[in-house]
Amino acid sequence: MKKNMLVYPISVLLSISLSVGCAAVPVQAASGRNVSVVSTAKTDTKTDSKTKTDSKTDSKTKTGTKTDSKIKTSTQPEVLTASPAIDAIAGLGELKAVVEKPYYTYSGSFMVDVENGHNPYDLEWDYGELYDVYVEEADWSLVFDADFYMESFPALALLYHYDEELLLEHFQTVGIHEGRQGSKAFNVAAYQENCEKALRNAFGDHYECYYFYWMLNQNSQKGVTTSGKNYPLQLCVKMTSMQALEFKKVNEYRAEVGIDPLKYDPELAAIACYRGWVDISEGYGAHDWIEDKANTKRADALVYLLHMSRLGENTVDYGVNNGSQYLPSGFYINYRYSPEHYEAMINPEYKYFGCSHVYSGNNRIPESRRRSSDTYHKDMMRVEFDLFTDALSTPMHP
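Keep in mind the model is a prediction, meaning the values are calculated, not measured.

Trainee: When you look at the overall build of the protein in this model, what are you seeing that I'm missing?
Mentor: A tally of helices and strands in the protein yields 15 helices and nine strands. Going through the 398 residues of the protein one by one, you find that 49% of them count as buried. Here the contacts in the protein between residues at least 6 apart in sequence split such that 79% fall between residues at least 24 apart. When the accessible surface of the protein is totalled, it reaches about 19300 Å², and 48% of it is carbon and sulfur.

Structure representation (structure tokens):
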């Protein structure tokens, strides 16, 4: 693996507009489609399979008694529905996405495939079929407007290349769990403050439950105040188990030398993910993309986007022969035993942190940019970034 560290200072912040003309996503309420699931083994979703038994016994006298029992079993599929009841929606708060579970069990889910993935820019968060039924049943136009979302979370919008459908998916599977505001009309903090106490008791800080209850119970909820001034655009941060481990270990290194912990910022993490996507899709290694003068305006714009004055990055990139090769569970240990990377992690001037997922794709690095290391001559490349900054302005850290 090749480890690299760079601090990117900005002398002139370029006011480059990164937004593009976009119409609001035409989101319609789903038609209440039910999903049938046949359970053949124990899963995380409870099933209620009805078994019919038809037994026929032919009994004769004690002499030469013959019994012929035939048992026929048929499994009926369970029909999952999006119940609008408080208790049913509260159960959604207990669901965990695959990427929140231990890495070693689901390692393939922790890598962004820029070649073949449904989303070439980010991981997919899968909570199971019941959650999908609720997503399909809800009317997302009540809580989501693509233009508002892109304006509120510009680094995420950049990472997603302003793809409105993918941004809606992010909101449905990550944003509502973090309490992100998706439109001017609905702020979950405002709704949480003004809704019935029974909802707060049932849902607690599982913010996704408030969104679903609001959308599925319009007859009783549309009169509740859901907007106003001074409510935050985002309430918490959701990380994969790999990101959480990386963040934890970096702060442990800082604690060992008496340095204050870093704060995790999801917009900075989106920039880290964008760096990973850029290196794989555009054929760069190490810090070559930032150091390439042809990318100066784009690099400056990244820093300007979050109102930063400096940006430090640690990165590991490495080649593999195929996409099924081993995926490390973390990269902090690589940085720990490299002096310049370690210094970045424990730098007391840095206050904020964001790390990427692992990005993977075909090796597009031209021969002119390939180093002598064997890692740059494999068929495929993978990369991860840890980013650091001293100051920024984002919804989590205004």
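Read on for the rest.
Trainee: Sorry if this is basic, but what is going on with the side chain of His177 here?
Mentor: Inspection of the secondary structure assignment puts His177 in the loop between helix H5 (164–175) and helix H6 (188–194). You can call His177 buried: its relative accessible area is 7%. One polar contact links His177 to Glu208, side chain to side chain, over a distance of 3.5 Å. Those residues in contact with His177 that lie beyond four places of it in its chain are Tyr127, Tyr131, Gln172, Tyr207, Glu208, Cys236 and Lys238.

Trainee: Just to check I follow, could you spell out the environment of Ser356 for this structure?
Mentor: Mapped onto the secondary structure, Ser356 falls in the loop between strand E7 (352–355) and strand E8 (358–362). The class of Ser356 is buried, set by a relative accessible area of 5%. Linking Ser356 and Arg275, residues 81 residues apart in sequence, is a C-alpha distance of 8.2 Å. Each residue touching Ser356, except ones within four places of it in the same chain, is listed here: Gln243, Ala272, Cys273, Glu384 and Phe385.

Trainee: Quick question: what am I supposed to make of the packing of helix H11 (residues 266–282) against helix H13 (residues 296–305) here?
Mentor: Each pair of packed helices gets described by two things: the angle between the helix axes and the distance between those axes. At their nearest, the axes of H11 and H13 sit 11 Å apart, and the two run at 165° to each other. As judged from the angle between their axes, H11 and H13 are roughly antiparallel. Considering how the two elements wind past one another, H11 and H13 form a crossing that is right-handed. Note on element contacts: H13 touches H11 through Arg298, Leu302 and Leu305, opposite Ile271, Tyr274, Arg275, Val278 and Glu282. Tallied by class, residues from the contact of H11 with H13 come to five nonpolar, no polar and three charged.

Trainee: Help me understand the layout of surface pockets in this model?
Mentor: Where empty space is left in the structure can be found by rolling a water-sized probe over the atoms. What the second largest pocket holds in volume is close to 350 Å³. Around the second largest pocket sit 19 residues that line it, and Glu124, Trp125, Glu169, Gln172 and Thr173 are the ones nearest its centre. Ranked by the residues each element gives to the lining of the second largest pocket, the list is headed by H5, at six residues.

Trainee: Is there a simple way to explain the pattern of salt bridges in this structure?
Mentor: When their charged atoms lie close together, side chains carrying opposite charge are able to pair. Per the counting criterion, the structure on display carries 11 salt bridges. Between Arg180 and Glu178 there is a salt bridge; the shortest N-O distance is 2.6 Å. One exposure class covers both Arg180 and Glu178, and it is buried. Between Arg275 and Glu313 there is a salt bridge, and its shortest N-O distance comes to 3.1 Å. Placement of Arg275 in helix H11 and of Glu313 in strand E6 (residues 310–320) is noted, with a sequence separation of 38 residues between them. Here the salt bridges share partners, and the residues they tie into one network are Arg275, Asp279 and Glu313.

Trainee: Can you help me understand unusual backbone geometry in this one?
Mentor: With glycine set apart, most residues show a phi of negative sign, and most peptide bonds adopt trans. For Tyr162, which is not glycine, the phi torsion reads 60° and is therefore positive. Looking at where Tyr162 falls in the secondary structure, it is placed in the loop between helix H4 (154–159) and H5. Its relative accessible area of 16% is what places Tyr162 among the buried residues. With phi around 60°, His307 is a residue other than glycine that occupies positive phi space. Mapped onto the fold, His307 is located in the loop between H13 and E6.

Trainee: Mind showing me how you'd approach the pairing of strand E9 (residues 380–389) here?
Mentor: In summary, the side chains of a regular strand alternate between the two faces of the sheet. Counting buried residues along E9, 10 of its 10 residues qualify, which places the element largely inside the surrounding structure. Of the two faces of E9, the one carrying Met380, Arg382, Glu384, Asp386 and Phe388 and the one carrying Met381, Val383, Phe385, Leu387 and Thr389 are both buried. Judged from the nine bridges that link them, E6 and E9 form a sheet pairing that is antiparallel. Within E9, the residue paired with Val320 across the bridge is Met380. Where E7 meets E9, four bridges bridge the pair, whose relative direction is antiparallel. When the bridges of E9 are listed, Gly354 appears paired with Leu387. Note: E8 against E9, four bridges, orientation antiparallel. For Ser360, the partnering residue across the bridge sits in E9 and is Arg382.

Trainee: Which parts of the structure should I look at to understand the packing of aromatic side chains?
Mentor: Any two aromatic rings considered together are summarised by their centre-to-centre distance and by the angle between their planes. In the structure shown here, the tally under the stated rule is 26 aromatic pairs. A centroid spacing of 5.2 Å and a plane angle of 35° characterise the contact between Phe144 and Phe171, whose relative ring orientation is tilted. Pair noted here: Phe144 is in the loop between helix H2 (129–137) and helix H3 (146–152) and Phe171 is in helix H5, with a separation of 27 residues, a long-range link. For the pair Phe144 and Phe171, one class covers both residues: buried. Residue placement shows Arg180 over the ring face of Phe153; its charged tip is 4.5 Å from the ring centre. The ring of Tyr376 has Arg371 lying over it, and the distance from NZ or CZ to the ring centre is 5.5 Å.

Trainee: Looking at this structure, how should I read empty space enclosed by the protein?
Mentor: One pass over the full model with this rule turns up three cavities of 30 Å³ or more. Space inside the largest cavity adds up to approximately 210 Å³. Along the wall of the largest cavity there are 17 residues; nearest its centre are Asp122, His170, Gln243, Pro266 and His357. Of all the secondary-structure elements, those providing two or more residues to the lining of the largest cavity are H4, H5 and H11. When residues of the lining of the largest cavity are assigned to their parent elements, the largest contribution, four residues, is made by H11. Residues that form the lining of the largest cavity fall into these classes: 10 nonpolar, three polar and four charged.

Conventions and cut-offs
Residues numbered from 1 in each chain as written. Predicted model: local features only at pLDDT ≥ 70, side-chain atom pairs only at ≥ 80, totals over all residues. Heavy atoms only, no water. Helix = DSSP H or I, 4+ residues; strand = E, 2+ residues; numbered from the N terminus. Buried < 20%, exposed > 50% of the residue type's maximum accessible area, 1.4 Å probe, protein only. Contact = heavy atoms within 4.5 Å. Areas by Shrake-Rupley, 256 points an atom, 1.4 Å probe, with all protein chains shown as cover. Polar contact = N/O pair within 3.5 Å; in protein donor to acceptor, adjacent residues only side chain to side chain. Axes fitted to C-alpha atoms, helices over the stretch in contact; angles between N-to-C directions. Parallel < 35°, antiparallel > 145°, perpendicular 65-115°, else oblique. Left-handed = near helix turned anticlockwise from the far one by under 90°. Nonpolar A, V, L, I, M, F, W, Y, C, P; charged D, E, K, R; others polar. 1 Å grid on protein atoms, 1.4 Å probe; cavity = no way out; pocket = protein on both sides within 12 Å on 5 of 7 lines; lining within 4 Å. Points joined across faces, edges and corners; volume = space filled by probe spheres on them. Salt bridge = Lys/Arg side-chain N within 4 Å of Asp/Glu carboxyl O. Pairing = 2+ DSSP bridges. Phe/Tyr/Trp six-rings, centres within 6.5 Å; stacked < 30°, edge-to-face > 60°. Lys NZ or Arg CZ within 6 Å of the ring centre and 35° of its normal.

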